[in-house]
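# Working through the structure, step by step
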Amino acid sequence: MSLVVFGAPLSPFVRKVRLFAAEKGFDYQLENVNPFNQPDWYRELNPLRRVPAIRDGDFTLADSSVICHYLEDRDPQRAPLCGTGAESRARINWLEKYADYELAPLTTFTVFRNRLLKPLMGKVCDEVAVKGAMQEKLPEHFDYLEKCLGEQQWFIDDRFSLADIAIACQLVNLRHGEEELDAQRWPKLAAHFERTLTRPALAEIVQGELQIIAKIMAKR
Ligand SMILES: N[C@@H](CCC(=O)N[C@@H](CS)C(=O)NCC(=O)O)C(=O)O
């Protein structure tokens, strides 16, 4: 498989695809595309101009969820990450959507964007929005996820899946935005995050991201 992932490493959706590919054992190459300053050719890969997109041979595809499900369908037997059986698949899809559409607007598009991206673009961090996300909006989502996890190590059928990947990818952006999940209030979810971070593929990806952030900070 000659897989190319297009996107910026600090995007949680790009991270999701990279981690998914790595966990399935697919080699891939990351080609940097800045979501806020894209080359014209990128429109061919995604008319919505969002990252990530992939090229697999002659085939191109956009959207992290669509891409992950495509990679699963390419080789369903190899390290299955999207569940086996209708119920498991549906529950994994639900939590993936939950991460992408309920967590991301807060963890990534509010906390991470305000704390890291806006200052880089010469804009002012909206601390009121960050505090609102952390104190008023995210707690109900963390309560829900804490309950979903229960006594399991992994969200669905106690097997590592795309649900774990999607949720952890959002929490990485929260951490990049210098905020943390309160481990006293949500101990199971916090332990799940730490457990996911010890997976070699994610540890390597996050290490690379921290180096990028350190370089950006040094230039400021
Ligand atoms: N549903 C999409 C969301 C992708 C997304 O929003 N990516 C952001 C970067 S984190 C982006 O490209 N933003 C640029 C824009 O919206 O113009 C996916 O899962 O791939």
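Residues numbered from 1 in each chain as written. Predicted model: local features only at pLDDT ≥ 70, side-chain atom pairs only at ≥ 80, totals over all residues. Heavy atoms only, no water.

### Observations regarding unusual backbone geometry
Heads up, the rule is: To qualify as a helix, a DSSP run of H or I must reach at least 4 residues; to qualify as a strand, a run of E must reach at least 2; elements of each kind are numbered from the N terminus. Each residue's exposure class comes from its accessible area (1.4 Å probe, protein chains only) as a fraction of the maximum for that residue type: buried when under 20%, exposed when over 50%, partly exposed otherwise.
The linkage connecting Val51 with the following residue, Pro52, adopts the cis geometry, with an omega of 10°. Here Pro52 is to be found in the loop between helix H2 (42-45) and strand E3 (53-56). One non-glycine residue, Arg49, lies in the positive phi region at around 60°. On the basis of relative accessible area, Arg49 is assigned to the partly exposed category, the value being 23%.

### Things to note about the pairing of strand E2 (residues 28-32)
We count it as follows: Should DSSP find at least two bridges between two strands, the strands are regarded as paired. Crossover handedness is defined here as right-handed if the route from the first strand over the helix to the second strand goes clockwise, with the strands pointing away from the viewer.
Looking at chain direction, strand E1 (residues 3-7) and E2 are connected through five bridges and run parallel. Residue pairing in the sheet places Phe6 in a bridge with Glu31 of E2. Running through helix H1 (residues 12-24), the crossover from E1 to the neighbouring parallel element E2 is right-handed.

### Thoughts on the packing of aromatic side chains
The relation between two aromatic rings is expressed through the spacing of the ring centres and the mutual angle of the planes. To keep things clear, this is the line we draw: Each Phe, Tyr or Trp ring, with Trp reduced to its six-membered ring, pairs with another whose centre is within 6.5 Å; inter-plane angles below 30 degrees give stacked pairs, above 60 give edge-to-face pairs, and intermediate values give tilted ones. Whether a charge sits over a ring comes down to the Lys NZ or Arg CZ being within 6 Å of the ring centre and within 35 degrees of the ring normal.
According to the stated counting rule, one finds eight aromatic pairs in the structure shown. Looking at Arg195, its charged tip hangs above the ring of Trp154, at a distance of 5.8 Å from the centre.

### Overview of the site of the ligand
To keep it simple, the criterion reads: Throughout this document, a residue counts as near a molecule or strand when at least one of its heavy atoms sits within 4 Å of that molecule or strand. Under this definition, polar contacts are N or O atom pairs within 3.5 Å; protein pairs additionally need one hydrogen-donor-capable and one acceptor-capable atom, and for neighbouring residues in sequence, both atoms have to be side-chain atoms. Note that accessible areas follow from Shrake-Rupley with a 1.4 Å probe, and for residues the cover is restricted to the protein chains shown. Residues are sorted three ways: Asp, Glu, Lys and Arg are charged, Ala, Val, Leu, Ile, Met, Phe, Trp, Tyr, Cys and Pro are nonpolar, and all the rest, Gly among them, are polar.
All residues adjacent to the ligand are Ser11, Pro12, Phe13, Pro35, Arg50, Val51, Pro52, Asp63, Ser64, Tyr101 and Phe109. Here a nitrogen atom of the ligand and a side-chain polar atom of Asp63 are 3.1 Å apart. Within the side chain of Ser64, an N or O atom sits 2.6 Å from an oxygen atom of the ligand. Contact with the protein chains covers 80% of the free accessible surface of the ligand, which is 510 Å². Listed by contribution, the elements that provide at least two residues to the shell around the ligand are H1 and helix H4 (86-120). Taken together, the residues that form the shell around the ligand break down as seven nonpolar, two polar and two charged.

### A few points about the confidence of the model for the chain
For clarity, the cut-off: Confidence of the predictor in every single residue is expressed as pLDDT, which spans 0 to 100.
Across the chain, the average pLDDT comes to 97, with 100% of residues at 70 or higher. Within the chain, the element-level pLDDT minimum falls on helix H8 (residues 200-219), averaging 95, and the maximum on helix H6 (residues 162-176), averaging 99.

### Side note on the sheet that holds E3
Either a parallel or an antiparallel arrangement is found when strands of a sheet pair, and the pairing is made through backbone hydrogen bonds. Stated formally: Note on definitions: angles span 0 to 180 degrees between N-to-C directions of axes, and those axes are lines fitted to C-alpha atoms, for helices only across the stretch in contact. Throughout, a residue-residue contact means that at least one pair of heavy atoms, one from each residue, lies within 4.5 Å.
Across the sheet, four strands lie side by side as E2-E1-E3-E4; this open sheet has mixed pairing. Of all the strands in the sheet, just E2 and strand E4 (59-62) have a single pairing partner and so form its edges. Strand-to-strand twist of the sheet, defined as the mean angle between neighbouring strand axes without regard to direction, takes the value 20°. Relative to E1, H1 is tilted by about 160°, and along the sheet it contacts E1, E2 and E3. Its contacts with the sheet place helix H3 (residues 64-74) against E1, E3 and E4, and it is angled at close to 135° to E4.

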